[in-house]
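Residue-level structure breakdown
Given next are the chains, with one letter for each unit.
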Amino acid sequence: MLPKKFFKDNIIDDLSPQMFTFFNAKMLADPEGKKLLDSTQELLFDSERQKLINEERQYIEHLSNPQDILRYMRKIKDAYNRCLLIEKVLAYQEDVIPLIISKLRTSGYDIFIEMAATAMLLTDEKYLHLLQEQFDEIRNPYARSEACLAFAREGKTEYTSFLLEQFNLLKKNYKTENYYNGPLIALSIIYINDR
């Protein structure tokens, strides 16, 4: 159970990287949001950039080895293709998600961390126990914060004490950063009807 007035006393930073990750995952989960993202390519980019996006898109579409998919999460060239790569992760989630969780323990690479968090938010809930089991091994505070987003499942109160612990730890140990936003966003989704 959350402390009384928890969300009044702890305000989410709407412009935080964690909120961007959460928003990105929600856009990907919504067919209309995905369609909107796809339709912007021609409007936003010149022909040279579109060509590079399309070349990388073809490469991603042909990935099928879980290790190669994981490696490409660290090598992706154009941010526009992140959505496609996350879709590929989800298509192979049985093999790729455990690799992502393992890699998340030692990664300090922001792009990988954000893509991993987005994929974890969209993946099957059965991987949350594996993530929680290995959570203490995640060294990077930004990775810990982003990984908390995976637990943002409406009504899943069984993660409350874990997320409160992460929230307090990140808020206490990193006073000048907004790392606490990851667990705070997850808690706000769990308790969305109680606020």
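Everything discussed here concerns the structure shown above.
Once a new chain begins, its residue numbering starts again from 1 and follows that chain's sequence as written. With the structure being a predicted model, the display of local features is reserved for residues of pLDDT at least 70 and the display and counting of side-chain atom pairs for 80 or more, all residues being used for whole-chain, interface and lining totals. Note that the side-chain values use all heavy atoms of the structure and ignore hydrogens as well as water.

1. Quick look at helix α8 (residues 93–104)
Categorising residues by exposure relies on relative accessible area from a 1.4 Å probe, with only protein chains included: less than 20% of the type maximum marks a residue as buried, more than 50% marks it as exposed, and the intermediate range marks it as partly exposed. Here a helix means four or more residues in a row that DSSP labels H or I, a strand means two or more in a row labelled E, and each is numbered from the N terminus. Among all positions of α8, only Val-96, Ile-97, Ile-100, Ile-101 and Leu-104 are buried. End-on, the buried residues of α8 take up no more than an arc of 135°, which puts them together on one face. The directions from the helix axis to the C-beta atoms form the arc being described.

2. Section: unusual backbone geometry
In this model, Lys-5 sits at a positive phi of 60°, which is unusual for a non-glycine residue. Mapping Lys-5 onto the fold places it in the segment before α1 (6–9). Judged by its relative accessible area of 54%, Lys-5 falls in the exposed class.

3. Some details on the packing of helix α6 (residues 66–75) against α8
Each packed pair of helices is defined by two parameters, the angle between the axes and the distance between the axes. Working convention: axes come from line fits to C-alpha atoms, limited for helices to the stretch in contact. Angles between N-to-C directions cover 0 to 180 degrees. The geometry of α6 relative to α8 is characterised by a closest axis approach of 9 Å and an angle of 45° between their N-to-C directions. On the basis of the axis angle, α6 is oblique to α8. The chirality of how α6 crosses α8 is right-handed. Residues Pro-66, Gln-67, Ile-69, Leu-70, Met-73 and Arg-74 of α6 pack against Asp-95, Val-96, Leu-99, Ile-100 and Lys-103 of α8. Its residues assigned to classes, the contact of α6 with α8 shows seven nonpolar, one polar and three charged. Note that the term roughly parallel is reserved for angles under 35 degrees, roughly antiparallel for angles over 145, roughly perpendicular for angles of 65 to 115, and oblique for everything else. Rotating anticlockwise by less than a right angle from the far helix to the near helix defines a left-handed crossing, while the corresponding clockwise rotation defines a right-handed one. Here, residues are in contact when the closest pair of their heavy atoms is within 4.5 Å. Under the scheme applied, nonpolar residues are Ala, Val, Leu, Ile, Met, Phe, Trp, Tyr, Cys and Pro; charged residues are Asp, Glu, Lys and Arg; polar residues are all the others, including Gly.

4. A look at the packing of aromatic side chains
Two aromatic rings, drawn from Phe, Tyr or Trp (for Trp, its six-membered ring), form a pair once their centres lie within 6.5 Å of each other, and the interplanar angle then sorts them: stacked below 30 degrees, edge-to-face above 60, tilted otherwise. This model, assessed by the stated rule, comprises ten aromatic pairs. Summarising the aromatic geometry, the rings of Phe-6 and Phe-7 are spaced 5.2 Å apart at their centres and angled 80° between planes, so their arrangement reads as edge-to-face. Given a relative accessible area of 18%, Phe-7 falls into the buried group. Through successive ring pairs, a cluster of aromatic residues spans Phe-6, Phe-7, Phe-167 and Tyr-180. The criterion for a charge sitting over a ring is simple: Lys NZ or Arg CZ within 6 Å of the ring centre, and within 35 degrees of the ring normal. Cation over ring: Lys-171 sits above Tyr-180, and NZ or CZ is 5.3 Å from the ring centre.

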